Every structure is written in C-alpha cells, then in structure tokens.
Amino acid sequence: MLPLPPRSCDSFVALPPAAPGGRLVFGKNSDRPADEVQEVVHFPAAAHPPGAALQCTYISIEQAERTHAVVLSRPAWLWGAEMGANEHGVCIGNEAVWGRERVCGREALLGMDLVRLGLERADTAEKALTVIVDLLEKYGQGGNCMESQMVFTYHNSFLIADRKEAWVLETSGKYWAAEKVEGGIRNISNQFSITTKIDREHPELKEYAKSQGWWDEKEEFDFAATYSYVNTARMTTSGDRYCEGYKLLNKHKGSITPEIMMEILRDKESGINMQGGFMTTGSMVSVLPQQPDLPCIHFFTGTPDPARSVFKPFIFVPNISKLLKTSSPTFGLDDPVKKQPRFQSKPDRRHELYKKHESAAAVMETIKDKGKEMLKEIQELEKRKISEMESILQNGCLDMNQVVNLFSQCVEEELKIYS
C-alpha cells in the first residue's frame, strides 16, 4: 500500500530546432517527500580492479573497470540519484511509474541506482540505455524508494540525453520499451508514454503481454495501452502534469533556452513545481551544445522549490574540489539505511545550503518585504550566472581557475544572500 497518493517528477528535453543555437536543453524536477534532503555531489572518474564489488543502495553488484566522472542530485540517504550528468554530456532523469505488472517488493536496484550506473558507465545516451536494461535484466528493480518504514515502491521510466540525441526508456518489472526522441521536444511524468513508436524493446515484451491476456495481436502493439491502464488517446489532452508539461514545451518550441526550461520547472499552476506532502525537492537544467569543442553546462538547485532557488552552474573540468556546502553528513555503518531492519530512525541529513535556504524560505513566508528583497537578489545572482555561461558558450573560452570552483563559488554567493 502506498503511504501517499502516487506522485512523481517531470523530465523534459528540447532538441534543435526546438532549442535554438544547435543545443539540446534537458530539465528535471525531482518531486519527493517534502522533508527529504537532496544533495548535489560530484564523483571523479575512477579505475577499479577486475571483479571488484559495488555496494548500491540495497544490493552489491559487480563494479565496472572504469567509471566516468559524474555530478548528481540525489536524496541524501541513498547511493543512486534522481538526476545527473557525466563528463561526456550524458544526462539522465527518472520517474516513478505504475502499471499492470506488480511492483517487486524485494530489495534490488532502485531506479535511482540505475540513473547513476548509466551515467558512470556510458559515454552516449543510447549506451546508457543499454547499461540500464542489461542491469535490469541481471539484477532487477525493487526496494523501498523512501526513507521510511512505510513502503513506497514503483517501476521506473527514464529520459536520457546527450549532445546529439535523446531516448525515453520505460520499464515494467524486467520488461521495457524505448523510444528515440523525434520532433524536437519530449517530456515524461509518472505514467507510461511510449505508445506504438518503439525503437528498442525487451525481446519478450510482446509475448509476455500476450501470456497475461493484455494484448491479442488484433491491434497494433501499444506499450502504454498494454502495460498500463492509461487511455493513450487522451494522454496529451487530459490536464495532468504530463499533459501540462507537453503544452508548455509546445508553447516555447523553437525558443527553448535554459532560462525557458527553468521557467517551466518553476510553473506551479501546472503542478510541475509541486507543493505539499510531496514537493519539488531539487531541480536540474542542462545545456548540451552539439559542437564537441564547447562545454556542457549543468545547473542544479540543491534546494526545494525552484521558484525560490538558484540554478547554479557546473562544468566538468579536472581537479574539481568536493562540493562541501551541498554534501550531506554521512553516518557510515551507523546509518539507519544500512542497518537491519532498515529505517528505524531518521538522522538530520541537511547540508549547509539546505539549512540556510530553509531559514530564508521561512523569512520569505513571514517577513514579506525582506523576503521580496532576498528573492530579488537570488534572481539577480542566477541571471548573472546564466549570462556568464552564455558568454562561455559564445566564445568557447574557459578560465580553468574559475571553472574548477564554479558551482561552489555560486553556492557561497547564494549563502551570503541568505545570511
């Protein structure tokens, strides 16, 4: 039984010509329990000995011999990530989905683990898709997706992008379908959205549907209609978040910049910027230039509610220092997630930026004039950083001394506003 109504996230991508300037723009809101802390962390590329083991959130799997550098926005209690990017310009976000197939209760790989594994092990979007489905086949997906004794489980869908293309991958247990994005824009939410355009699929996808009595071969195979209860004819007109996200992308088609993507993620009327027991606890926007000599730029909030958060830029360069102010405290083997039975207590996982942002949000709610002034300052900070990043993309010139601390420096500037 779900402790709360099923809620999920929203992920978006715009490809040229929907996004101008020969760039892909990726965006995601992570909607999670309102009291959950999301951290922004960086892990450098690494080599691992053959046969090494890797401990994910719940299970141990075989480690890859080499892993790529990644930057992740993740719930602070787990190993994986809600969203992130790697040094090769691959971006992935995942969503919770439910359908006819029963969700596995046993502990396996979380969808969030699969996000991180795809980023660490693949240098293109399609390779990341392959990594995820191979791991899904080998280890399965399952386990509690919330830091609570109440069980919250789901299947996963993924939006995967790189400099050249984007893919949607939707799973139901071990079965899956994938669609290469065409038409310039695509979004996913907490429902299956792949219909009859299936570019890759689990080899037994259709046979399994037949064996369950979900498909009789008389009509063209429709993944969403077969594996879920959604009326696919109404998906883009039904008024839910998936529909509203599709409308917002269409509204701006041809002019979708990072700023427009941030505006979409901040939209409260549509429910995309979620409020309440489940809320938007972290947000990400990435700009992926198709020109390989230009850097990919990834913006993360690391704080709840993008309408009063700063999207801070991150660029992969060598020797990036630890992102201390957005990294949560660790508890080692004493962490209640690692002990059996799990989740018997919940430690304070707030990082420094989260704490200061939390205090600032209270000021914005209670001291209106001060709150307006603070909001104006963080908006000006973000606007300035976006302008600086656009200058980098226009002239291709990187000052390594500045870029190595780019994200951390922006966090410091944000903290000054809050204090």
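Here is what the cut-offs are and how they apply
- Residues numbered from 1 in each chain as written.
- Predicted model: local features only at pLDDT ≥ 70, side-chain atom pairs only at ≥ 80, totals over all residues.
- Heavy atoms only, no water.
- Pairing = 2+ DSSP bridges.
- Helix = DSSP H or I, 4+ residues; strand = E, 2+ residues; numbered from the N terminus.
- Contact = heavy atoms within 4.5 Å.
- Axes fitted to C-alpha atoms, helices over the stretch in contact; angles between N-to-C directions.
- pLDDT = per-residue confidence, 0-100.

**Q** Explain the sheet that holds strand β13 (residues 175-180) here, please?
**A** The strand order β3-β8-β9-β10-β11-β12-β13-β15 describes an open sheet built from eight strands, whose pairing is antiparallel. Two strands bound the open sheet, and with one partner strand each, they are β3 (38-43) and β15 (200-201). Sheet topology note: the β3/strand β8 (residues 70-75) ladder contains six bridges and is antiparallel. Residue Val40 lies in a different strand from β8, and its bridge partner there is Ser73. In the packing of helix α2 (residues 125-139) onto the sheet, contacts are made with β10 (91-97), β11 (155-161), β12 (166-172), β13 and β15, and the angle to β12 comes to roughly 10°.

**Q** How should unusual backbone geometry be read in this particular structure?
**A** Across the chain, the bulk of peptide bonds are trans and the bulk of non-glycine residues have phi less than zero. With an omega of 5°, the peptide bond between Pro16 and Pro17 qualifies as cis. In this fold, Pro17 is placed in the loop between β1 (10-14) and β2 (23-33). The step from Gln340 to Pro341 runs through a cis peptide bond, and the omega angle for that step is -10°. Among the secondary structure elements, Pro341 is positioned in the loop between β18 (312-314) and α7 (352-366). Positive phi values are uncommon outside glycine, yet Asn319 reaches one of about 65°. Turning to its location among the elements, Asn319 is positioned in the loop between β18 and α7. One non-glycine residue, Phe343, lies in the positive phi region at around 60°.

**Q** Teacher, can you tell me more about the sheet that holds β1 here?
**A** Neighbouring strands of a sheet are bound in pairs by backbone hydrogen bonds; such pairs are parallel or else antiparallel. Pairing within the open sheet is antiparallel, and its six strands lie in the order β14-β1-β2-β16-β17-β18. Each edge of the open sheet carries a strand with a single partner, namely β14 (185-188) and β18. Adjacent strand axes in the sheet meet at a mean angle of 15°, parallel and antiparallel pairs treated alike. Note: β1 against β14, four bridges, orientation antiparallel. Opposite Phe12, over in β14, you have Asn187 as the bridge partner. Where helix α10 (residues 406-418) meets the sheet, its contacts fall on β17 (297-300) and β18, and the angle it forms with β18 comes to roughly 165°.

**Q** When you look at the confidence of the model for the protein chain in this model, what are you seeing that I'm missing?
**A** Atom-level detail of predicted coordinates should not be read off regions where pLDDT is low. Overall, the predicted model of the protein chain reaches an average pLDDT of 94, with 96% of residues at or above 70. Here residues 1-6 scores under 50 on pLDDT; set against residues more than four positions off or in separate chains, the count is twelve contacts.

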